[in-house]
Amino acid sequence: MGVKNPRLIFKEVSVLLRSIPSWVTALFVASLIAMNLLANKSIAGLPDWLALDAGFLFSWVGFAMMDMTVKRFGARASNYLCVFALFANLVVICLFFGASLVPGFWSSAFTESGDVDMALNDAVNQIFAGNWFIVFGSSMAFLTSGIFNNCVNALIGRVFKKDGFGTFAVRSYVSTFLGQFVDNLVFALIVSLHLFGWTLLQSVTCALTGAIAELLMEIIFSPLNYKVAKSWEKHNIGKEYFDLVGAGK
């Protein structure tokens, strides 16, 4: 099988983004941006063997969007969505960096006397300026885990003959847990191990406990996610995309 023509890929992605409900893409991109910002904060007060960054509060949202997308549009479409979200996130990071260079003062830097705490102002600027190490680590973790999650989800879906909530739950729970573990572990090994001073044990336990915490969120919202995905099928959402993909076979 030869390499697909870039023009055909561009056309397929364009039609896909028109076919997927816009709120899914918006939530996906927003969760990725929020996750990367909050990854700058390491949560304190935890046991020595446990380490988490605040980004885990949003990471489950992206996986929920991927699960619904795989259910309706397939793993390849969800992979395209991951790449688009990553590109959009990098654009926002560049804009944040530009905003950090704009002269001015953050509201949180003003003291009660009306003076400006320049150290605090510079610290906030640094957060939005981003750290190339964190950006690289989060991007690699997101792309790796996203593609892994989509492929595992689709593979499990092919094993089951029935297409009810039970099948959706199994494929979502397994792929989300494994995908989140990969996401957390890759980020911890690239970033937290060096930047936050985590140990290897903390990196592994963070990946495991973070995956469990995010799996719980997936379990809570999976009935709603299933109903949304089924409603897409009922109302034939994505017909233009399926017509294009079918024509290309």
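The structure presented is a predicted model; accordingly, all values stated were derived computationally and were not measured.

Engineer: For the overall build of the protein chain, give the residues involved together with the corresponding values.
Structural biologist: Of the regular secondary structure elements, the protein chain holds nine helices and zero strands. On C-alpha atoms alone, the protein chain measures out to a radius of gyration of 20 Å, which is about the 18 Å that the 2.2 N^0.38 rule sets for 249 residues. Seen through its principal axes, the protein chain has C-alpha atoms that stretch 65 × 40 × 35 Å. When the 249 residues of the protein chain are sorted by exposure, 44% land in the buried category. For the protein chain, the proportion of contacts with a sequence separation of at least 24, taken over those separated by at least 6, is 76%. Surface exposure of the protein chain reaches about 13,100 Å², of which carbon and sulfur atoms provide 72%. In the protein chain, 17 side chains carry a positive charge and 15 a negative one; their mean positions are 22 Å apart.

Engineer: Which residues make up the packing of aromatic side chains, and what values go with them?
Structural biologist: Taken as a whole and judged by the stated rule, the model has twelve aromatic pairs. Seen from their ring centres, Phe168 and Tyr226 are 5.6 Å apart, and the 55° between their planes marks the pair as tilted. Taken together, the positions of Phe168 in helix 7 (residues 165–195) and Tyr226 in helix 8 (residues 200–234) put the pair 58 residues apart, joining distant regions of the chain. Across the pair, Tyr226 and Phe168 agree in class, each one buried. A network of ring pairs unites the aromatic residues Trp23, Phe73, Trp232, Tyr241 and Phe242 as a single cluster.

Engineer: Go over the state of the cysteines with me, naming the residues and quoting the values.
Structural biologist: A covalent bond between the sulfur atoms of two cysteines is what we call a disulfide. Applying the stated criterion to the full structure yields zero disulfides. A disulfide-free cysteine, Cys82 has its sulfur positioned 9.7 Å from the sulfur of Cys151, the nearest such atom.

Engineer: Requested: an account of helix 2 (residues 22–38), with residues and values cited.
Structural biologist: Since the α-helix turns once every 3.6 residues, residues separated by three or four places project in the same direction. With 17 residues, helix 2 extends 24 Å from end C-alpha to end C-alpha; this agrees with the ideal 24 Å at 1.5 Å per step. On its buried face, helix 2 is in contact with helix 1 (6–19), helix 3 (56–73), helix 4 (75–101), helix 6 (132–159) and helix 8.

Engineer: Help me get a handle on the environment of Cys206, residues and values and all.
Structural biologist: Locating Cys206 in the fold gives a position in helix 8. Between the alpha carbons of Cys206 and Asn184 there is a distance of 7.0 Å; along the sequence they are 22 residues apart.

Engineer: I'd love a proper account of the nonpolar core, names of residues and values included.
Structural biologist: Core analysis: the largest hydrophobic core is formed by 29 residues, its most contacted members being Leu16, Phe28, Phe73, Phe142 and Tyr241. When near neighbours in sequence (up to four residues on either side) are disregarded, Tyr241 contacts Glu12, Val15, Leu16, Ser19, Phe73, Arg76 and Ala77. Listed in part, the five residues of the second largest apolar core include Ala39, Ile134, Ala141 and Phe187.

Engineer: Can you tell me about unusual backbone geometry, naming the residues and giving the values?
Structural biologist: At Asn236, a residue that is not glycine, the phi angle is positive and equals roughly 60°. Asn236 sits in the partly exposed class, given a relative accessible area of 40%.

Reading guide: rules and limits
Residues numbered from 1 in each chain as written. Predicted model: local features only at pLDDT ≥ 70, side-chain atom pairs only at ≥ 80, totals over all residues. Heavy atoms only, no water. Helix = DSSP H or I, 4+ residues; strand = E, 2+ residues; numbered from the N terminus. Rg over C-alpha atoms; globule rule 2.2 N^0.38 Å. Buried < 20%, exposed > 50% of the residue type's maximum accessible area, 1.4 Å probe, protein only. Contact = heavy atoms within 4.5 Å. Areas by Shrake-Rupley, 256 points an atom, 1.4 Å probe, with all protein chains shown as cover. Lys, Arg positive; Asp, Glu negative; His and termini not counted. Charge placed at Lys NZ, Arg CZ, Asp CG, Glu CD. Phe/Tyr/Trp six-rings, centres within 6.5 Å; stacked < 30°, edge-to-face > 60°. Disulfide = S-S within 2.5 Å. Expected span 1.5 Å × (residues − 1). Core = buried A, V, L, I, M, F, W, Y, C linked by side-chain atoms within 4.5 Å.

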